[in-house]
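Summary of structural features
Listed below, chain by chain, are the residues.
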Amino acid sequence: MNTDATHAALAASAFTANNLKGRYATALYEFAEEQHVLNEVIAEAEGLLKIISENETLRNVLNNPSLDTVQSKAIMAELMNHCGFSQILQNFVGVVANNRRLADLKSFLMAFFALVNLRRGITAAEVITASPLTDMQRAQLKDRFSQAGYNKVDIQERIDSKILGGIIVRIGSKLYDASLQSRLNRLYNVMKGAA
């Protein structure tokens, strides 16, 4: 999973099988696995997620409650067919449209990626820095994750100049904030308390 959109959302999502997102994700995962096309469906789901993230018009269609089921399903079928998505993903989106859940499609896809990582024993780690990581920093980070007991880690990098420097890491339910902005905020609060 390489797209920035996937990575940013994946770090924040945890898989829960018994909620609505989990049920849709599990259905897609198990059907793709049963048909022996799981890797292909993963790649296509990444592509669809990228299209959703980059196309404002599509997001407006997905979030438009005034479109009836027939209209929204036709629009999505046209898009899916035009982009060459497999019948499995087309059918999945068709079911989502039939159930009037297109506004939730992105969250269903994110739950699907979380399930893929869970089943493959991969932990997603979102790493936020003010500037891009070097290859040496990436290697050191992987080594640190390994030392902490995370053997299979999918590092998802994000640049955020607002943190000024340092690093923020979200892995599982843990957050490690060693950003310069966070340090300045703590110093400010200490100084404010001393006054």
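Our subject is the structure that appears above.
Residues numbered from 1 in each chain as written. Predicted model: local features only at pLDDT ≥ 70, side-chain atom pairs only at ≥ 80, totals over all residues. Heavy atoms only, no water.

To continue, consider a nonpolar patch on the surface. A surface patch of nonpolar side chains, about 470 Å² in accessible area, is lined by Leu164, Leu180, Leu184, Leu187 and Met191. Here leucine 187 is to be found in helix α9 (residues 180-194). (Patch = residues over 30% accessible without salt bridge, like charges linked within 9 Å, V, L, I, M, F, W, Y side chains within 5 Å. Areas by Shrake-Rupley, 256 points an atom, 1.4 Å probe, with all protein chains shown as cover. Salt bridge = Lys/Arg side-chain N within 4 Å of Asp/Glu carboxyl O. Helix = DSSP H or I, 4+ residues; strand = E, 2+ residues; numbered from the N terminus.)

Now for helix α8 (residues 135-147). Between its terminal C-alpha atoms α8 stretches 18 Å, which fits the 18 Å expected from 13 residues at 1.5 Å a residue. Taken from the residues just after α8, glycine 149 is the one with a positive phi, measuring 95°. (Expected span 1.5 Å × (residues − 1).)

Bringing the nonpolar core into the picture now. Note on soluble globular proteins: their nonpolar side chains tend to be buried together. Membership of the largest hydrophobic core comes to 34 residues, with the highest contact counts inside it found for Leu48, Phe92, Leu105, Leu109 and Phe112. When contributions to this core are tallied by element, the ones reaching two or more residues are α2 (20-34), α3 (38-54), α4 (56-62), α5 (69-82), α6 (87-98) and α7 (105-120). No other element matches α7, which puts 9 residues into this core. Discounting chain neighbours no more than four positions away, the residues touching leucine 109 are Ala45, Leu48, Leu49, Ile52 and Phe92. Core analysis: the next-biggest nonpolar cluster, separate from the first, contains 9 residues, Ala125, Leu141, Ile155 and Val169 among them. (Core = buried A, V, L, I, M, F, W, Y, C linked by side-chain atoms within 4.5 Å. Buried < 20%, exposed > 50% of the residue type's maximum accessible area, 1.4 Å probe, protein only. Contact = heavy atoms within 4.5 Å.)

A few words on the sheet that holds strand β2 (residues 153-159). Read from one edge of the open sheet, 4 strands run β2-β1-β3-β4, paired in mixed fashion. The open sheet has two edge strands with one neighbour each: β2 and β4 (174-179). For this sheet, the mean angle separating the axes of adjacent strands, direction not counted, is 15°. Pairing between strand β1 (residues 123-129) and β2: 7 bridges, direction parallel. Bridging across to β2, threonine 129 finds its partner in isoleucine 159. (Pairing = 2+ DSSP bridges. Axes fitted to C-alpha atoms, helices over the stretch in contact; angles between N-to-C directions.)

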